[in-house]
Structure formats: structure tokens, C-alpha cells
Amino acid sequence: MTTASLLALLMSLLGLGPVEGPPLGHPVGAGSPASTARESDGSDPECLLLDDHHRRISNGF
Amino acid sequence: MDYQALFARILKSVDTAAYQTPVTQVEGPQREVLAEVQALLQGPEFDAEQARAHVRKLHAEGRLDRVKVLSALHVIACHPSVADWPEAARLVGEQEYAALELGGPHLEGNLASVERHRGVLAFLRGHHAVALEYFTRSLERERSAENLGNVLATLLRLGDETEARDLLQQVRRGFPAGLVSELERSILRDPDLALLRSESP
């Protein structure tokens, strides 16, 4: 992950500005960063980061 | 720049936002009480020990029954910053027994909560097919937008996009309008369900 992309993600998360490309938590599916990570040799740290932490779920009481 | 700290901050934000703990399915005065717990879970200063102590205090005061106490403790155990999986598994077993002992008019809802918690645990441990079974059981016991959303998110996670779209169409035709509206809002809001947005009316 480059510094520029890291900062862009941070800006987006903090609501400070737009971010180019898909945000963290982008859905898993054809063409998504996570699926790209699975299809690649697993060497892209940014894609792996997205996949590992893409765990939205609803755990209502 | 401390990149590790920056990474940790980003991932904490993402994980916390990705872990939803709605109280909408809870009936009666316990809903308001659990909303207090929910606020602790979603707050920026979340502290698991404080949250557990607060839950036990609510139980001691008679404001939460044993089923909901165990549910709340499970929800805390599954919080991204806690991730105490053995504890979460133990608690959901206790919750099931407590629900059976309590019985009464809320038995189905309480068991739906148990199935949902088991599904969440399986999902978070990467067993998505197992999670789908539990979420489906929870949905059978309790038709709610939350349970539907979990089923759809898990189908998409498994790569079963066609099945997810088919289910969504069936839901639109056969489920109550209020529930469908709530689900549509989830699809528009939730990045995990974004693949279904093209199906939105």
C-alpha cells in the first residue's frame, strides 16, 4: 500500500474527503479487491488487508 | 509517520463499523436496556470489562433476564476488539439452555437469537457455509430484516450471487412490506450487500 493510498483511505474514513477507488469494506465479488486477492498469488498486501478485515455481520441481541 | 499505528486506527474503524448489534428484535422494556449496552459497544471508548460489568449490573437490578445477559456477553465476546471465540461459544450454549428453561412467549425469538449468535461465530471464524445454516434457522424462527441481511451477506460471501438475487426477489413478493423496506435500506447502506443494489426497485 502506498502512502498516498493509505492517506486517502484515512481521509475517507474520517470523512475528510473523497477517496479514489473502492473503500475498505468493499463487497466481495467479481472484480472486487478481495476477489482479486484470491485470484492473485496473494502477494498484494492491500488486497489481503481488505479481505482479512471485511467481516461485516449483524449480531443483534 | 507511525504506519503501524495508522493501520491499527484504520482497521479499528473498519471493524467496529462492520460489527452491527441492533436491538430491533428485542421486545418489551429490555430493548431500551440493551440499547444502553449497544451504545457502549459502538462507542469510541469501548471497554470490554466495563461493558461486561454493566451487563451484570443490569441483570442484578432485574432489568435484563438471564437469556439477554448471556446474549449481551456473547455480543461483547464477538466484538472485533475482544474476539474471544471460546468464550463466545460457551456463552451461546448457556444462552440456549437459559432460553429453554425460561420458555414462555419469547421462546422462538430467544432461540432465533441463539441461532444468530452461532451463525455470527461461524461467520467470523470463516465457516461461511456453516454460518448460512445457522442464519437460515434464525430466519425460520424470526422473519426479520437483520436475519435476511445476514443470509444475503453470507450467500454473497460464498459467491452465490444468483441465489441471493433469487431470495431477494422472493422476499419482495412474499414478506411484509415493512420488513422489505427495512431490508432495502440495509442493501443501500451496507457495502456487503452492494452487489444487490442493481436489484433495488
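Residues numbered from 1 in each chain as written. Chains lettered and ligands numbered in written order. Predicted model: local features only at pLDDT ≥ 70, side-chain atom pairs only at ≥ 80, totals over all residues. Heavy atoms only, no water.

A. Summary view of the overall build of chain A. A count of helices and strands for chain A gives 3 helices and 1 strand. When the elements of chain A are put in sequence order from the N terminus, they spell out α-α-α-β. A sequence separation of at least 24 residues applies to 34% of the contacts in chain A between residues at least 6 apart. Within the structure as shown, chain A displays about 3,100 Å² of accessible surface, and the carbon and sulfur contribution to it stands at 57%. (Helix = DSSP H or I, 4+ residues; strand = E, 2+ residues; numbered from the N terminus. Contact = heavy atoms within 4.5 Å. Areas by Shrake-Rupley, 256 points an atom, 1.4 Å probe, with all protein chains shown as cover.)

B. Just the overall build of chain B, in detail. A count of helices and strands for chain B gives 10 helices and 1 strand. Counted from the first residue to the last, chain B has its helices and strands arranged as α-β-α-α-α-α-α-α-α-α-α. In terms of overall dimensions, chain B has a C-alpha envelope of 55 × 45 × 25 Å along the principal axes. Considering only residue pairs separated by 6 or more positions, chain B has 52% of its internal contacts joining residues 24 or more positions apart. On chain B, roughly 9,800 Å² of surface is accessible, and the fraction owed to carbon and sulfur atoms is 53%. Counting 23 positive and 30 negative side-chain charges, chain B places the centres of these two groups 2 Å from one another. (Lys, Arg positive; Asp, Glu negative; His and termini not counted. Charge placed at Lys NZ, Arg CZ, Asp CG, Glu CD.)

C. Geometry of unusual backbone geometry. All names here are of chain B. Non-glycine residue A83 carries a positive phi angle of around 50 degrees. Considering the arrangement of structural elements, one finds A83 in the loop between helix 4 (66–77) and helix 5 (85–102). On the basis of relative accessibility, which here comes to 30%, the residue A83 falls in the partly exposed class. (Buried < 20%, exposed > 50% of the residue type's maximum accessible area, 1.4 Å probe, protein only.)

D. Region of the structure containing the environment of H117 of chain B. Counting through the fold element by element, H117 of chain B comes out in helix 6 (residues 107–124). By relative accessible area, which is 0% here, H117 of chain B ends up buried. Ignoring sequence-local partners within four residues, the contact set of H117 of chain B consists of N59, G60 and F61 of chain A together with S71, H74, V75, V92 and Q95 of chain B. One polar contact links H117 of chain B to N59 of chain A, side chain to side chain, over a distance of 2.6 Å. (Polar contact = N/O pair within 3.5 Å; in protein donor to acceptor, adjacent residues only side chain to side chain.)

E. View of the confidence of the model for chain B. Here chain B averages 91 in pLDDT, and 91% of its residues register 70 or above. ipTM for the predicted complex: 0.83, alongside a pTM of 0.74. (pLDDT = per-residue confidence, 0-100.)

F. Broad picture of the packing of helix 4 of chain B against helix 5 of chain B. Residues and elements named next belong to chain B. Here helix 4 crosses helix 5 at 165 degrees, and the two axes come no closer than 8 Å. As the angle between them shows, helix 4 and helix 5 are arranged roughly antiparallel. Along this stretch, helix 4 crosses helix 5, giving a crossing that reads as left-handed. Contacts between helix 4 and helix 5 involve R66, V67, L70, S71, L73, H74 and A77 from the first element and E87, A88, L91, V92, E94, Q95, A98, A99 and L102 from the second. Residue classes in the contact of helix 4 with helix 5 are distributed as 10 nonpolar, 3 polar and 3 charged. (Axes fitted to C-alpha atoms, helices over the stretch in contact; angles between N-to-C directions. Parallel < 35°, antiparallel > 145°, perpendicular 65-115°, else oblique. Left-handed = near helix turned anticlockwise from the far one by under 90°. Nonpolar A, V, L, I, M, F, W, Y, C, P; charged D, E, K, R; others polar.)

G. Representation of helix 2 (residues 30–42) of chain B within the structure. Residues and elements named next belong to chain B. If you check helix 2, its first and last C-alpha atoms are 18 Å apart, about what 13 residues at 1.5 Å a residue would give, namely 18 Å. The set of residues buried in helix 2 consists of Q30, V33, L34, V37 and L41. As for helix 2, its buried residues are in contact with helix 3 (48–60) and helix 4. (Expected span 1.5 Å × (residues − 1).)

H. Expanded view of the pattern of salt bridges. Residue and element names in this part refer to chain B. A full pass over the atoms with the stated rule returns 15 salt bridges over all chains. We note a salt bridge from R165 to E161, for which the minimum N-O separation is 2.6 Å. Of this pair, R165 and E161 both sit in helix 9 (residues 161–174), 4 residues apart, which is roughly one turn of the helix. Several salt bridges converge on common partners, so that one network encompasses E36, K57, E61 and R63. (Salt bridge = Lys/Arg side-chain N within 4 Å of Asp/Glu carboxyl O.)

I. Here's a closer look at the packing of aromatic side chains. The tally for this structure, following the rule as stated, stands at 0 aromatic pairs over all chains. The lysine or arginine in question, R143 of chain B, covers the ring of F175 of chain B, its NZ or CZ lying 4.4 Å from the ring centre. (Phe/Tyr/Trp six-rings, centres within 6.5 Å; stacked < 30°, edge-to-face > 60°. Lys NZ or Arg CZ within 6 Å of the ring centre and 35° of its normal.)

J. View of helix 6 of chain B. Residues and elements named next belong to chain B. Between the first and last C-alpha of helix 6 there are 26 Å, a value that for 18 residues agrees with the 26 Å anticipated at 1.5 Å per step. Most of helix 6 sits inside the fold, with 14 of its 18 residues counted as buried. G126, located one to two residues past helix 6, shows a positive phi value of around 90 degrees.

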